[in-house]
Amino acid sequence: MTGEIVQIVGGQIQGPIADQVKRRLAAWNDPRAKLDRQYRRSGRALTFWLIVLALLAVVGVLTLVNALPVAAGVGAALGFAGTSVLAVRTNMRMRDIDRRRRQLSAAPVRVPLPSRASAARQPMERLEDAEDTLRELLRQLDSAALTSVPTESVEQARATGAEAGAAIRAVSHQLQAVERARDTAPPLDRGPLVEGVRRLRAQLDEGVEGYCGLVAAAGRVLAESTATNPRQVLGDATDHLAGLASALRELSR
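Residues numbered from 1 in each chain as written. Predicted model: local features only at pLDDT ≥ 70, side-chain atom pairs only at ≥ 80, totals over all residues. Heavy atoms only, no water.

Colleague: So what exactly am I meant to see when it comes to the overall build of the chain here?
Modeller: Secondary structure assignment for the chain yields 8 helices and 0 strands. Across the chain, helices and strands are ordered from the amino to the carboxyl terminus as α-α-α-α-α-α-α-α. Looking at the chain residue by residue over its 253 residues, the buried ones come to 30%. Restricting to contacts in the chain with at least 6 residues of sequence separation, those with at least 24 account for 70%. Of the roughly 15,300 Å² of accessible surface on the chain, a fraction of 60% belongs to carbon and sulfur atoms. (Helix = DSSP H or I, 4+ residues; strand = E, 2+ residues; numbered from the N terminus. Buried < 20%, exposed > 50% of the residue type's maximum accessible area, 1.4 Å probe, protein only. Contact = heavy atoms within 4.5 Å. Areas by Shrake-Rupley, 256 points an atom, 1.4 Å probe, with all protein chains shown as cover.)

Colleague: Can you walk me through unusual backbone geometry in this structure?
Modeller: Backbone geometry follows two general trends: most residues other than glycine have a negative phi, and most peptide bonds adopt the trans configuration. Phi is positive for Asn 66, which is not a glycine, with a value near 65°. Its place among the elements puts Asn 66 in the loop between helix H3 (31-64) and helix H4 (70-106). For Asn 66, a relative accessible area of 70% gives the class exposed.

Colleague: Sorry if this is basic, but what is going on with the nonpolar core here?
Modeller: Grouped burial of nonpolar side chains is what soluble globular proteins tend to show. In this structure, Leu 134, Leu 141, Ile 168, Leu 204, Tyr 211 and Leu 214 are the most contacted members of the largest nonpolar core, which totals 30 residues. At the level of secondary structure, the elements contributing two or more residues to this core comprise helix H5 (121-141), helix H6 (151-184), helix H7 (191-223) and helix H8 (230-252). If you tally residues by element for this core, the top one is H7, at 10 residues. (Core = buried A, V, L, I, M, F, W, Y, C linked by side-chain atoms within 4.5 Å.)

Colleague: Could you clarify how one ought to interpret a nonpolar patch on the surface in this entry?
Modeller: A surface patch of nonpolar side chains, about 530 Å² in accessible area, is lined by Val 58, Val 61, Leu 62, Leu 64, Val 65 and Leu 68. Of note, Val 61 is situated in helix H3. (Patch = residues over 30% accessible without salt bridge, like charges linked within 9 Å, V, L, I, M, F, W, Y side chains within 5 Å. Salt bridge = Lys/Arg side-chain N within 4 Å of Asp/Glu carboxyl O.)

Note that every value here comes from positions in space, so none of it alone points to a role or purpose.
Quick look at the structure:
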């Protein structure tokens, strides 16, 4: 059903509105968002069952003090037992949903790629592939079997990679915004915007190249895990990418 909606949006609506609708659909169908909605629904259900249990307990107490007939007490006892089962099941469901939410939180967040018509699409596809590769390389480099690679070097490379990825995505968002401005501007006013898109695309390519340089360095260290100085190989690439990320942030401002 969601795929059909996306197709309809793509066929009937064009430009910034279509991109906005697609982003909202993607956010609604995000697995984390779905689990959050399920958790909230289960929480409301558990609250309802607890209220019912409290009311049935009151009926039971009133029966014990002879304020209500015995039949009411028997009904309250049966209802209490059944409602307790439902409350326990709901609580178990909430725990299961919460466990799955924590698993998703530990997994890397997938940022939606730019539209295929955007100049940012190809660099961001490269960045996503590079991030997956770097994540796996650093995981292996951080294993106990590769004692020649200092843990602090791996952690620094991981942190710098995350920082650089965020800086590159900031440039990508700028580029997409300028593209939308270009597409809606009068023809005579598009010249500076076209040049802005070209310049931002060049910055994006430079940032992705730098990120791929860190990936290549991590791959070389892993391939030669017994190298005499793996810290320097990985550290030089990390420092270069950190400087590039800093420059991209300054340009974004």
